[in-house]
Amino acid sequence: MVSTTCQVKSFGLSEPFEVECGLRQSDPIAPLLFNITLQAIINRAGINQEGTVFRKMTQVLDYADDVVIIGRFLQSNRTAFKAMDVEVKMMGLHINGGKTKIILGKKPLEQRQSPCNGPL
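Residues numbered from 1 in each chain as written. Predicted model: local features only at pLDDT ≥ 70, side-chain atom pairs only at ≥ 80, totals over all residues. Heavy atoms only, no water.

**Examining the pattern of salt bridges**
Following the criterion strictly, the structure yields 1 salt bridge and no others. Among the ionic pairs, Lys89 bridges to Asp85, the shortest N-O distance being 3.2 Å. Highlighted residues: Lys89 and Asp85, both in helix H2 (residues 74-90), separated by 4 residues, approximately one helical turn. Judged by relative accessible area, which is 55%, Lys89 ranks as exposed. (Salt bridge = Lys/Arg side-chain N within 4 Å of Asp/Glu carboxyl O. Helix = DSSP H or I, 4+ residues; strand = E, 2+ residues; numbered from the N terminus. Buried < 20%, exposed > 50% of the residue type's maximum accessible area, 1.4 Å probe, protein only.)

**Considering the confidence of the model for the protein**
Residues with a pLDDT of 70 or more make up 83% of the protein, whose mean pLDDT is 79. Averaged pLDDT values over the elements of the protein bottom out at 81 in strand S3 (residues 58-63) and peak at 90 in H2. (pLDDT = per-residue confidence, 0-100.)

**Describing H2**
The first and last C-alpha atoms of H2 sit 24 Å apart over 17 residues, in line with the 24 Å expected at 1.5 Å per residue. What H2 keeps buried is the set Ser76, Asn77, Ala80, Met84, Asp85, Glu87 and Val88. Looking at the buried residues of H2, the elements they touch are helix H1 (30-44), S3 and strand S4 (66-71). Positive phi shows up at Gly92, right after H2, with a value of about 80 degrees. (Expected span 1.5 Å × (residues − 1). Contact = heavy atoms within 4.5 Å.)

Put into structure tokens, the structure is as follows:
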């Protein structure tokens, strides 16, 4: 965007302010640019994207602006997250800590159920 001004609509319009960089939220090229940037972050972080978590320590999945790091161990998830965080900061971006979640599965493999209601 070049020489773009915006206003916020909330109980009336705010004073206009200039937007110095970025894309409009509804811009159709925004998802493509985000995916290109995210792939560069993953590559620079040294995270292998080939195969599945069944054959390696971590798997990174992304859709739109959501990213999931799946790992066999909490430490492998931390390592992948920290590597991505370094690259994110180098690109002038940040990870929203308020939207970041950690989910741990603690059941032994023999006690887990598949989505088809059978043991794994």
